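Reading the structure
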Amino acid sequence: MRRMVLLITVACCGLSLVFSNRPQMVMAQTQRSDTIYFLGATRGNDYNATGVLSWCVSKSWHPGYQLPDRTLDPWLSALDEVAQVAPPPPGDPGSWTGTQFYNSCHSDPLGPSGRVDLTTYGVTNQSNCGSPCNSLIVVGSSSTYIDRCQYIEADLWDAGAWDATHQVGHWRGTQIMTHAQAPNATGAPFPLSPIQVTTTGFYARNEIGTIKDDSPCLGGTGWTGYHVHHAFKPPVTQNCSWARNTLGGFVRQATDRKKGPLNTAHWVHLLNHPFGVFCDDVGKKAADDLLDPGTGALDGDGNGGGTKGLAQGPPGYKITTPQTCFPMTSWCGTMDITQPVLQGALCYNRGMLPIHCFNSWQRRFPPPGGGVTEWHSGATYYYQVTYSHAWPYGGDNFDRCGVPVPLGSPIYRIRLYSSQSIGNTCNNPALFLDFTQEFANNSYTATEVQAIFERFRGAGGVNPSVPPSPQDANTWAVTQIDSGHWWDVVQPALDGVIRGARDQRDMATLGITGNPAFDGNPGPTTYSGASVFDRMNTVASRTTGPRLISRPPKEINSDWIRSTRLTWGPARKTLEMVPN
Amino acid sequence: VVVAAASVVAIALFVRPPFQVRPSVTTLPTKQQPLSLETTNPAMAVGQAKPAYRGTLGDFFVTGNAHEGADFPPCPRPIRPAQNYKTSEVYSPVFGELEVNECANGLIPGISVYGRPSMGKRLFVGPAKVNWVAPLDRLKLSTVAGHPAIAKLPESDEPGELELVVIQRFPGNNKPGIMVWIHRPWLSLEETTALAAKIMGVRP
């Protein structure tokens with residue numbers, strides 16, 4: 001049965017590609033791979049008038065943070081950095097008194113040497129990045145902990161998967177700079193300049209703050225003088241990798257560490273990441289684990305007992321797996337599995353590709369700079385979203401749904417073919433769309449794109465904007481398992497949809513969360529407890545204004561109940577869903 | 001159909017909504033303004049428009065100033081690496097292995113770990129000052145295993161901004177107070193409360 005489904009899918013997709021006149025996403029032959037070198041966080045100082053900034057190590061590699069299992073940073077990722085103000089004294093590093101070292105190396109909180117920079121050198125294998133290409137989106141935050149230690153943190157996000165509307169994507173690590181403050185030190189996140197790469201290497205230095213007198217830190221025991229404590233919290237490894245510079249140049253009291261376009265050998269941390277791809281193959285790894293016939297939590301006893309238990313559990317029921325490790329990755333932990341995975345399986349069973357289940361429920365937007373995100377695609381009907389530009393106007397702007405549009409908001413274009421006329425979205429004739437819409441020059445806010453999608457319908461009038469109801473999914477799973485269809489119906493559907501999860505956001509949509517998070521860092525899409533739909537609207541309302549659609553769940557679910565069997569689409573190109 | 005379409009076009013032309021459909025490449029303003037926090041994340045801007053609360057709240061004093069926190073007891077110099085920090089009353093096994101400094105008299109004013117989440121236990125004298133910058137409606141008093149606690153709730157439903165402080169012991173009888181804190185744990189309030197209880201070594 002599984003082979004048959006596979007054959008049909010392959011045949012249909014092939015035919016679809018042949019006959020479709022719509023633009024298709026074409027994968028690059030070579031995966032883009034970016035390498036970012038993070039240089040000293042202290043500004044340094046051009047003490048010898050060579051045009052190159054120099055800095056010193058006041059404390060060699062030491063623990064920078066704590067891991068989820070409560071062990072201390074095993075990679076000793078932290079370095080204490082100060083500016084260099086004079087040639088080093090005679091002798092070797094490590095042999096000098098504190099005063100001798102200070103006379104050559106110290107940072108002035110009131111001068112340029114007291115500045116804190118995010119200094120990077122970025123290289124890519126992409127030949128069309130002769131001009132700088134964005135590689136990482138950077139979100140900063142700065143404040144003071146309750147222990148009175150001051151900090152700046154810079155969260156790094158993959159620019160190839162950054163959903164600017166929902167402010168979420170693939171986390172690529174965090175640069176931590178303690179005993180320093182940014183101008184905005186309220187703790188609220190703020191945007192910093194993206195980190196860029198070129199084919200031949202791109203050097204950039206962005207000032208993000210200044211060092212501070214941190215003597216109150218830990219009652220005086222947490223700070224021994226002006227410096228930057230520079231650490232790196234890394235992402236999970238498999239497709240991503242990272243390193244600290246172990247060339248021996250960062251011993252205690254090391255001097256003449258350099259920062260400059262031609263002086264990049266003294267990098268502190270390194271990150272290599274595949275542009276637009278999650279740091280590990282989380283869907284495949286989780287599917288292998290959860291559906292293992294012997295030990296998988298969703299299988300349980302070889303006949304889907306775990307899944308049946310999930311379907312019959314009370315509201316909020318979850319299965320927590322034993323401690324496990326994903327092979328060939330750095331991720332080890334437990335997983336919580338909740339009911340939405342059954343909604344995902346039913347979506348898959350109804351013939352949808354996982355990517356469309358995920359994109360449509362998440363309202364996933366393409367990253368600034370390019371790409372098409374399909375929220376629905378059948379043989380005939382489709383809904384595609386592309387990024388257009390950032391809203392260039394300040395002042396009091398409102399979109400056609402009445403939601404504020406601040407300066408810089410992402411603006412999109414949509415291309416669609418609906419089986420029913422869209423009509424006046426938000427009851428606004430200025431937002432009238434009929435059955436089709438080409439990209440053209442029309443542009444839409446994120447709120448408008450989402451509101452229009454609510455009115456979009458696929459083959460047979462199906463509404464792809466809402467998941468199957470939990471009740472439908474539970475009933476389907478239990479009925480199929482009880483009638484002996486675990487192996488040929490439910491298990492393949494679960495396998496298909498979990499294996500199709502591209503990243504942590506998709507896993508969260510399936511109600512599967514990792515502890516620790518699958519990306520190595522707790523993030524906004526990882527927490528459990530919120531259903532797929534609740535989460536989606538929460539995020540949307542946080543970033544784009546109030547909820548536009550407040551239909552009761554019963555009504556939302558009814559759109560899905562009627563479409564449960566597969567048939568050939570109108571153009572006989574692929575399978576589509578039709579009402580019973 | 002033609003009449004209907006013409007009507008729609010006419011309405012679209014003559015009733016100019018506040019936000020117009022505009023070509024994407026021909027509407028750049030002559031003077032491009034830099035992006036600001038308010039423009040890139042409206043939710044942040046809304047949250048920050050409310051004034052930060054400063055004042056007493058239960059057993060706490062919320063300062064509304066990131067740099068004004070509870071005072072530590074005096075710490076005589078020189079500072080030195082602590083040898084037996086695991087016997088300190090500000091240590092918890094939750095913290096694991098650490099590098100900790102102590103004052104010349106052996107006092108360890110606080111122990112912190114930074115990461116997932118950042119958290120710690122520290123001594124304090126005087127008022128239980130909390131250095132949060134948040135409006136009153138995001139501050140919530142509670143108890144953790146009978147100890148007074150205050151939480152800074154996330155904006156909207158953003159779990160990353162949650163913070164929690166618990167007073168494990170009030171200052172008195174020549175002993176400083178003890179405060180337990182958890183910063184941006186990416187956990188629910190219930191889970192964060194349970195973690196605070198674990199740090200104190202008690203049942204939630």
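Heads up: the structure comes first, above all this text.
Anyway, here's the lowdown on the structure attached to this text. Note that the structure is predicted; figures quoted are calculated from it, not measured. (Residues numbered from 1 in each chain as written. Chains lettered and ligands numbered in written order. Predicted model: local features only at pLDDT ≥ 70, side-chain atom pairs only at ≥ 80, totals over all residues. Heavy atoms only, no water.)

Details of the overall build of chain A
- Check the secondary structure of chain A and you find 12 helices and 27 strands.
- When the 580 residues of chain A are sorted by exposure, 59% land in the buried category.
- Here the analysis covers contacts within chain A between residues at least 6 apart in sequence; of these, 70% occur between residues at least 24 apart.
- Summing over all exposed atoms, chain A offers an accessible surface of approximately 21,800 Å²; the carbon and sulfur share of this is 55%. (Helix = DSSP H or I, 4+ residues; strand = E, 2+ residues; numbered from the N terminus. Buried < 20%, exposed > 50% of the residue type's maximum accessible area, 1.4 Å probe, protein only. Contact = heavy atoms within 4.5 Å. Areas by Shrake-Rupley, 256 points an atom, 1.4 Å probe, with all protein chains shown as cover.)

Some points on the overall build of chain B
- A count of helical and extended segments in chain B gives four helices and 11 strands.
- Intrachain contacts of chain B at a sequence separation of at least 6 include 55% that bridge at least 24 residues.
- If you sum the accessible surface of chain B, you get close to 10,000 Å²; carbon and sulfur atoms cover 59% of it.

A look at the nonpolar core
- With 40 residues, the main nonpolar core has Ile498 and Ile512 of chain A as its most contacted residues.
- Sorting the residues of this core by element identifies helix 3 (282–290), helix 4 (305–312), strand 17 (332–338), helix 5 (340–349), helix 8 (470–482) and helix 9 (486–499) of chain A as the ones contributing at least two each.
- Setting aside its immediate chain neighbours within four residues, Ile512 of chain A contacts Leu290, Met335, Asp336, Ile337, Val341, Ile498, Met507 and Phe518 of chain A.
- Grouped together as the second largest cluster of nonpolar side chains are 28 residues, Ala82, Met119, Val166 and Leu195 of chain B included. (Core = buried A, V, L, I, M, F, W, Y, C linked by side-chain atoms within 4.5 Å.)

Some points on the state of the cysteines
Residue and element names in this part refer to chain A.
- Applying the stated rule across the entire model yields eight disulfides over all chains.
- The residue that forms a disulfide with Cys325 is Cys332, at a sulfur-sulfur distance of 2.0 Å. Across the disulfide from Cys325 to Cys332, rotation about the S-S bond amounts to roughly 110°, and the bridge is consequently right-handed.
- Accessibility expressed as a relative area gives 31% for Cys332, which makes it partly exposed.
- With its sulfur 2.1 Å from that of its partner, Cys347 forms a disulfide with Cys357. Its torsion about the S-S bond being -95°, the disulfide of Cys347 and Cys357 is classed as left-handed. With a gap of 10 residues between them, Cys347 in helix 5 and Cys357 in helix 6 (residues 354–362) connect regions that are remote in the sequence. Comparing Cys347 with Cys357, the two get one shared label, buried. (Disulfide = S-S within 2.5 Å.)

Description of the sheet that holds strand 5 (residues 133–144) of chain A
All names here are of chain A.
- Ordered by their spatial adjacency, eight strands build an open sheet running 9-5-6-7-11-3-2-13, and the pairing between neighbours is antiparallel. This sheet does not close on itself; its edge strands, each paired only once, are strand 9 (190–197) and strand 13 (257–259). On average, each strand axis in the sheet is inclined to that of its neighbour by 30°, with strand direction left out of account.
- The pairing of strand 2 (residues 53–62) with strand 3 (residues 78–83) spans five bridges and is antiparallel. Each bridged residue has a counterpart across the sheet, and for His62 the counterpart in strand 3 is Ala78. (Pairing = 2+ DSSP bridges. Axes fitted to C-alpha atoms, helices over the stretch in contact; angles between N-to-C directions.)

Interpretation in functional terms is not warranted from these geometric data alone.
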